[in-house]
Amino acid sequence: MAFGEDLDELVEKTGGLLGKFETWERVRLSNIANVVNGYAFKSKYFSRDDGEPLIRIRDILSGETGTLYNGPRIDGYDVKAGDLLIGMDGDFNAARWQGRNALLNQRVCRIDIKSNHYHPRLLSYALPGYLNKINEHTSAVTVKHLSSRTIQNIPLPLPPLAEQSRIVDKIDELFSSIEAGERAIARARTALTRYRKAVLKAAVTGELTADWRAQNPPSETADALLTRILKARYTAWEKAELEKLDAKGKARPKTDKELAKFRAKYKTPVEPLEEFQLKFPKGWRQASVERLTSAVRVISYGVLQPGDNLPEGTKLVRVCDVKNSRINQEKLKIIDPSIAEKYQRTFLEGGELLVTLVGSVGRTAIVPKSLQGANVARAVGVLPISDIIQARWVELALIEEKSNQNLIGSSREVARKTLNLEQLRSFPIPLPPLNEQAEIVSRVEEALSKADKVEATLDAQARQAKALKQAVLKTAFEGNLVPQNPNDEPASELLKQIKAAS
């Protein structure tokens, strides 16, 4: 569209939480700025080790590039600190670049103000509101796409030039106070992360219950506990195997020779890996993960090819559903029950410990009873923990920072990080006496519950800060943030100058 066509229609189509004060005008972005599209740099030159930083959509908000480019130099696609960038796929994020000088990749554009009639920072404050509204009204099958033409046609509010400076100064002042609060929230989050890590470290090293242990001798030693777990493990296996013989109408072993042959079928659980030495108090033991799990329902992978998502069927837990020791049940995939039936070992009963094995390795969650009858994807391992001990204790031992790093570090890099079941079975777990396990879990839950409450408060404060910023912008672009000055050159005159220069 050429300048002067129906801007009111554009305002309606493009939407906007940004209004226009009655003494202001409207101006298309294309009349005050150029939209410079990024270049399609060839991926064969992408590098992590050397070259110039290459800005991709995911880098806009962080201000840091994870990709370097070491191919032929293409001039005209340079970005420097302070340049205004827009991501043209996904969420249509806009931000001023805060990183070092870099190159502009495809599907990212740079907005270069070409007129001295529009304050650059006013543009950076105005754009996100419009882009959010455009995003809301953009349909997509997979990823939403933003065109240069749409950006060029954004109908910006045009206050008098002097008022633009007053608005920007006031927004900067108010945002500075709000951002000081946001930085305090960020510092509190960092401290909270350190606190959680310290609690888990103290738990698995025995420091958390040193005072309790001094006053409470174990009713059963860790050695005796492990012996009892292994005995119960074998007994359950033997019972299940004998029942299988009964079901098939076969005779049970009776002679010493028959019994020896039968018992030789039992697979002794592996010893814990020696490469991950654990430090724990006297009186604790070390056991492999497999020693603490069932011999009947062995540690297993889930469904290999789950097929399409269906409206009804069997729920499937994937890696993306496991996070922060919880299973998000809101977006579970639903698969054909006939496919799930092929993977009997990983049907969930409730109480199992899940460990993610591919991609985001080392995430964990204990299965709630509400997921009884569900199954898991191939990239999720199911650990049926012995009912003698607490599954939560095993989980705490796996998510403690050093242990989790060892677990992730033992995974193999193929296309994606992958942890196989052999590595998981032999992974070492500290084993305290049973009554101390209960005390540790109780103390950890209390400490983490307090941390969760603090985090919820920080989340609420962060939302309030964001809402305050939106309120400031709304007030600003309604013309109510700073007083109008009758001596300012009218916006109508400013618009004539822009039209003359276009």
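Structure shown above.
Note that this is a predicted model, so its numbers are computed, not measured.

(A) Main features of the overall build of the chain. Looking only at helices and strands, the chain has 13 helices and 23 strands in total. Over its C-alpha trace the chain gives a radius of gyration of 31 Å, far above what one expects of a compact globule, namely 23 Å for 502 residues. By principal-axis analysis of the C-alpha atoms, the chain measures approximately 105 × 50 × 45 Å. Per-residue burial over the chain gives 44% buried out of 502 residues. Long-range contacts, defined here as pairs at least 24 residues apart, represent 76% of the contacts in the chain between residues at least 6 apart. Element-wise, carbon and sulfur atoms account for 50% of the exposed surface of the chain, whose accessible area totals about 26500 Å².

(B) Representation of the sheet that holds strand S10 (residues 108-113). Spatial strand order, S2-S10-S7-S8: 4 strands in an open sheet with antiparallel pairing. Where the open sheet ends on each side, the last strands, each with one partner, are strand S2 (33-37) and strand S8 (94-96). Shown here is a sheet whose adjacent strand axes are inclined to one another by a mean of 25°, direction ignored. Pairing of strand S7 (residues 84-87) with S8 involves 3 bridges; the strand directions are antiparallel. Across the sheet, Leu84 pairs through a bridge with Arg96, a residue of S8.

(C) Structural detail: the sheet that holds strand S19 (residues 375-376). Pairing within the open sheet is mixed, and its 3 strands lie in the order S16-S13-S19. Edge positions in the sheet fall to strand S16 (333-335) and S19, since each of these pairs with one other strand and no more. When strand S13 (residues 314-317) meets S16, the two strands line up antiparallel, connected through 3 bridges. For Leu316, the partnering residue across the bridge sits in S16 and is Lys333.

(D) Quick look at the nonpolar core. Of all hydrophobic cores here, the largest spans 55 residues; its most connected members are Leu292, Val317, Leu354, Ile389 and Leu424. No other element matches helix H9 (residues 391-399), which puts 6 residues into this core. Excluding residues within four positions of it along the chain, Leu354 makes contact with Val317, Ile327, Leu348, Arg363, Thr364, Ala365, Val367, Val376, Val380, Gly381 and Val382. The next biggest cluster of nonpolar side chains, apart from the first, holds 42 residues, and it includes Ala33, Val35, Ile86 and Val168.

(E) Structural context of the pattern of salt bridges. Following the criterion strictly, the structure yields 36 salt bridges and no others. In this structure, the salt-bridge partner of Asp452 is Arg196, at a minimum N-O distance of 2.9 Å. With a gap of 256 residues between them, Asp452 in helix H12 (residues 434-477) and Arg196 in helix H4 (residues 161-205) connect regions that are remote in the sequence. Between Glu395 and Arg392 there is a salt bridge; the shortest N-O distance is 2.9 Å. Of this pair, Glu395 and Arg392 are both found in helix H9, 3 residues apart, which corresponds to roughly one turn of the helix. One exposure class covers both Glu395 and Arg392, and it is buried. A single salt-bridge network, built from bridges that share partners, covers Glu52, Arg73, Asp75 and Asp78.

(F) Quick peek at the side chain of Ser148. Its place among the elements puts Ser148 in helix H3 (residues 148-152). The residues touching Ser148, leaving out its near neighbours within four places in the chain, are Val35, Asn37 and Met88.

(G) Representation of the packing of aromatic side chains within the structure. A complete count under the given rule lists 12 aromatic pairs for this structure. Taking the centre distance of 5.9 Å and the plane angle of 85° together, the rings of Trp284 and Trp393 count as edge-to-face. Residue Trp284 is located in the loop between helix H7 (256-263) and strand S12 (285-288), and its partner Trp393 is located in helix H9; the two are separated by 109 residues in the primary sequence. Comparing Trp284 with Trp393, the two get one shared label, buried. Each residue in the set Tyr39, Phe41, Tyr45, Tyr69 and Tyr77 is aromatic and connected to the rest through ring pairs, giving one cluster.

(H) Structural detail: the packing of H4 against H9. Running from amino to carboxyl end, H4 crosses H9 at an angle of 115°, the nearest separation of the two axes being 9 Å. Between H4 and H9 lies a crossing of left-handed hand. Contacts between H4 and H9 involve Leu200, Ala203 and Val204 on the former and, on the latter, Trp393, Leu396, Ala397 and Ile399. Considered class by class, the residues forming the contact of H4 with H9 number 7 nonpolar, no polar and no charged.

(I) Structural view of unusual backbone geometry. In this structure, Phe92 is a non-glycine residue whose phi angle is positive, near 60°. Position of Phe92 among the secondary structure elements: in the loop between S7 and S8. Phi at Asn324 takes a positive value of approximately 55°, unusual for a residue other than glycine. Relative to the elements of secondary structure, Asn324 occurs in the loop between strand S14 (322-323) and strand S15 (326-327). Looking at Asn324, the relative accessible area reads 59%, which means it is exposed.

(J) Spatial organisation of the side chain of Ser426. Checked against the element boundaries, Ser426 lands in the loop between helix H11 (421-425) and strand S23 (428-431). Classification of Ser426 as buried rests on a relative accessible area of 10%. Polar contacts involving the side chain of Ser426 include one to the main-chain carbonyl oxygen of Glu422, which spans 3.1 Å. If near-sequence neighbours (up to four positions away) are discounted, Ser426 is found in contact with Val270, Glu271, Pro272, Leu273 and Ser288.

(K) Quick peek at a positive patch on the surface. Taken together, Lys248, Lys250, Lys257, Lys261 and Lys265 make up a surface patch of like positive charges. Along the chain, the position of Lys250 falls in the loop between helix H6 (222-247) and H7.

(L) Geometry of the pairing of S23. By the alternation rule, side chains of S23 split into Pro428 and Pro430 and Ile429 and Leu431, which are all buried. Pairing geometry for S12 and S23, over 4 bridges, is antiparallel. The residue of S23 that forms the bridge with Arg285 is Leu431.

Basis of the calculations
- Residues numbered from 1 in each chain as written.
- Predicted model: local features only at pLDDT ≥ 70, side-chain atom pairs only at ≥ 80, totals over all residues.
- Heavy atoms only, no water.
- Helix = DSSP H or I, 4+ residues; strand = E, 2+ residues; numbered from the N terminus.
- Rg over C-alpha atoms; globule rule 2.2 N^0.38 Å.
- Buried < 20%, exposed > 50% of the residue type's maximum accessible area, 1.4 Å probe, protein only.
- Contact = heavy atoms within 4.5 Å.
- Areas by Shrake-Rupley, 256 points an atom, 1.4 Å probe, with all protein chains shown as cover.
- Pairing = 2+ DSSP bridges.
- Axes fitted to C-alpha atoms, helices over the stretch in contact; angles between N-to-C directions.
- Core = buried A, V, L, I, M, F, W, Y, C linked by side-chain atoms within 4.5 Å.
- Salt bridge = Lys/Arg side-chain N within 4 Å of Asp/Glu carboxyl O.
- Phe/Tyr/Trp six-rings, centres within 6.5 Å; stacked < 30°, edge-to-face > 60°.
- Left-handed = near helix turned anticlockwise from the far one by under 90°.
- Nonpolar A, V, L, I, M, F, W, Y, C, P; charged D, E, K, R; others polar.
- Polar contact = N/O pair within 3.5 Å; in protein donor to acceptor, adjacent residues only side chain to side chain.
- Patch = residues over 30% accessible without salt bridge, like charges linked within 9 Å, V, L, I, M, F, W, Y side chains within 5 Å.
- Lys, Arg positive; Asp, Glu negative; His and termini not counted.
- Charge placed at Lys NZ, Arg CZ, Asp CG, Glu CD.

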